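Here is what each chain is made of, one letter per residue.
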Amino acid sequence: MTMNQRLSAAAKYTIAGIMVLIALIPFYVLLYLSMNTPSANVFGGLFLVPDFHFGNFAEAWEGSKLGRSMLNSLIITFGAVALIVFVASSAGYSIARFRSKGNIAIFNTLLACLMIPAIIITVPLYTLMRSIGGINTHWAMILLTAANALPLSVFLYTSFIRSLPREVEESAVMDGCTYFTAFWRVTFHFLRPVTSAVVILTGLGIWNNYGQAVFFLQSQEMRTVPLAVSMFFQTYGAKWNLMAAAALIGLAPAVLAFLAFQRYFIKGITAGALKG
């Protein structure tokens, strides 16, 4: 390796390291605040070394009632993600493998829906939800959030499946399977990368959904994590340590989910975006 190549590599690693540090600063500040004692100076001293006061987490958990909110978020997120994976993968397979004018029209309509922010249609959705009794219910939020995420999910699945050879499921069809059973028994196993990408993208979006949840989940018992943390902030707005602890607790499941699926995340996104 020449001197210029070494300098270029060193510059790249240096820039990458600086970017990582910049990205980690907000998380460290959040962690620092969450472990401070109530009487501590928020940003006292040159180096931000926390007091390791873990009682903030117990107090924030109890005061914000995050236990019930966490359960609500888990029910809605898991239910919606499971529905998204089932519907989007099936639709993506049909669009990718059976090219027809109807499928092309459906695919283009879904792409057009990507340009419509979900918050814009909140008012008509609220009217619909009231008419079907969906306010303050898990099932209605599952259907709503799944419908919001379907356009992007179908696009990713369609693009990924188009990159797979047809021989993957044709051999199963020749052995007597229908295309439906061949997809679920054979093809779906090859969709792990794009499925991981869909799970992460849609799961994080649903977990952090605030704009619509605040309209459709008005009961205290039905609040999700973002709603509970928001109400906790309004009550304890001057107590930075408790606010940071509550935010960190609400953030933890999303971070753990990303770490569990991140191995396939980039591969799924790249295949879904570039192989269409």
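Provided above is the structure to which this section pertains.
Please read all numbers here as calculations on a predicted model, not as lab measurements. (Residues numbered from 1 in each chain as written. Predicted model: local features only at pLDDT ≥ 70, side-chain atom pairs only at ≥ 80, totals over all residues. Heavy atoms only, no water.)

Student: Teacher, can you tell me more about the overall build of the protein here?
Tutor: Within the protein one finds twelve helices and zero strands. When the helices and strands of the protein are listed from N to C terminus, the series reads α-α-α-α-α-α-α-α-α-α-α-α. Residues classed as buried in the protein amount to 37% of the 276 residues present. Contacts spanning at least 24 positions in sequence make up 72% of the contacts within the protein whose residues lie at least 6 apart. Counting every atom, the protein has about 15,600 Å² of accessible surface; 70% of that belongs to carbon and sulfur. (Helix = DSSP H or I, 4+ residues; strand = E, 2+ residues; numbered from the N terminus. Buried < 20%, exposed > 50% of the residue type's maximum accessible area, 1.4 Å probe, protein only. Contact = heavy atoms within 4.5 Å. Areas by Shrake-Rupley, 256 points an atom, 1.4 Å probe, with all protein chains shown as cover.)

Student: Any chance you could explain the nonpolar core here in plain terms?
Tutor: Note that soluble globular proteins tend to have their nonpolar side chains buried in a common cluster. Grouped together as the largest cluster of nonpolar side chains are 37 residues, with contacts concentrated most on I84, M141, Y157, L191, V194, F216 and L217. Of all the elements in the fold, those that place two or more residues in this core are helix 3 (66-97), helix 4 (101-113), helix 5 (122-131), helix 6 (138-162), helix 9 (192-207) and helix 10 (213-216). Residue contributions to this core peak at eleven residues, all from helix 6. Once residues within four sequence positions are removed from consideration, L217 is found in contact with I76, N136, T137, M141, M222, T224 and L227. With 20 residues, the next largest nonpolar core counts Y32, A60, A228 and I249 among its residues. (Core = buried A, V, L, I, M, F, W, Y, C linked by side-chain atoms within 4.5 Å.)

Student: Is there a simple way to think about the layout of surface pockets in this case?
Tutor: Picture a little ball the size of a water molecule; that probe, rolled over the atoms, points out where space is still empty. Roughly 380 Å³ of volume is contained in the largest pocket. Around the largest pocket, the lining comprises 17 residues; the ones closest to its centre are A118, A147, N148, A149 and P151. Of all elements in the fold, only helix 6 and helix 9 reach the threshold of two or more residues within the lining of the largest pocket. In this structure, the second largest pocket spans a volume of roughly 260 Å³. Taken together, 13 residues make up the lining of the second largest pocket; nearest its centre are T77, F78, V199, G203 and A257. Within the residue set of the lining of the second largest pocket, elements represented by two or more residues are helix 3, helix 9 and helix 12 (240-274). By residue number, the principal contributor to the lining of the second largest pocket is helix 9, which donates five residues. Broken down by class, the residue content of the lining of the second largest pocket amounts to eleven nonpolar, two polar and no charged. (1 Å grid on protein atoms, 1.4 Å probe; cavity = no way out; pocket = protein on both sides within 12 Å on 5 of 7 lines; lining within 4 Å. Points joined across faces, edges and corners; volume = space filled by probe spheres on them. Nonpolar A, V, L, I, M, F, W, Y, C, P; charged D, E, K, R; others polar.)

Student: Is there a simple way to think about empty space enclosed by the protein in this case?
Tutor: Tallying each qualifying case throughout the model produces one cavity of 30 Å³ or more. Each pocket or cavity is described by its volume, and for the largest cavity that value is around 50 Å³. Residue lining of the largest cavity: S73, I76, T77, M141, T145, I206, W207, N209, A213 and T224, and that is the complete set. The element contributing the most residues to the lining of the largest cavity is helix 3, with three residues. Of the residues contributing to the lining of the largest cavity, the split by class is five nonpolar, five polar and no charged.

Student: Would you mind showing me how to read the environment of A260 here?
Tutor: Summarising the element assignment, A260 is placed in helix 12. Look at A260 and you get exposed, because its relative accessible area is 57%. Linking A260 and S196, residues 64 residues apart in sequence, is a C-alpha distance of 9.2 Å.

Student: Explain a nonpolar patch on the surface to me, please; I cannot follow it from the model alone.
Tutor: On the surface, a nonpolar cluster with roughly 620 Å² of combined accessible area is contributed by I116, I119, I120, I121, Y210, V214 and F215. The residue I121 is located in the loop between helix 4 and helix 5 in this model. Under the relative-accessibility criterion, I121 is labelled partly exposed at 34%. (Patch = residues over 30% accessible without salt bridge, like charges linked within 9 Å, V, L, I, M, F, W, Y side chains within 5 Å. Salt bridge = Lys/Arg side-chain N within 4 Å of Asp/Glu carboxyl O.)

Student: Can you walk me through the packing of aromatic side chains in this structure?
Tutor: When we look at a pair of aromatic rings, we describe it by the centre distance and by the angle of the planes. Enumeration over the complete set of coordinates arrives at ten aromatic pairs. Ring geometry for F107 and F155: centres 6.3 Å apart, planes at 20°, overall stacked. With a gap of 48 residues between them, F107 in helix 4 and F155 in helix 6 connect regions that are remote in the sequence. Note on F107: relative accessible area 9%, which makes it buried. F155 sits in the partly exposed class, given a relative accessible area of 23%. The aromatic ring of F107 is capped on one face by R162, whose charged end is 5.1 Å from the ring centroid. (Phe/Tyr/Trp six-rings, centres within 6.5 Å; stacked < 30°, edge-to-face > 60°. Lys NZ or Arg CZ within 6 Å of the ring centre and 35° of its normal.)

Student: So what exactly am I meant to see when it comes to the side chain of N72 here?
Tutor: If you trace the backbone, N72 turns up in helix 3. Apart from the residues within four sequence positions on either side, N72 is in contact with H138, E221, M222, R223 and T224.

All quantities given are derived from atomic positions and should not be read as evidence of function.
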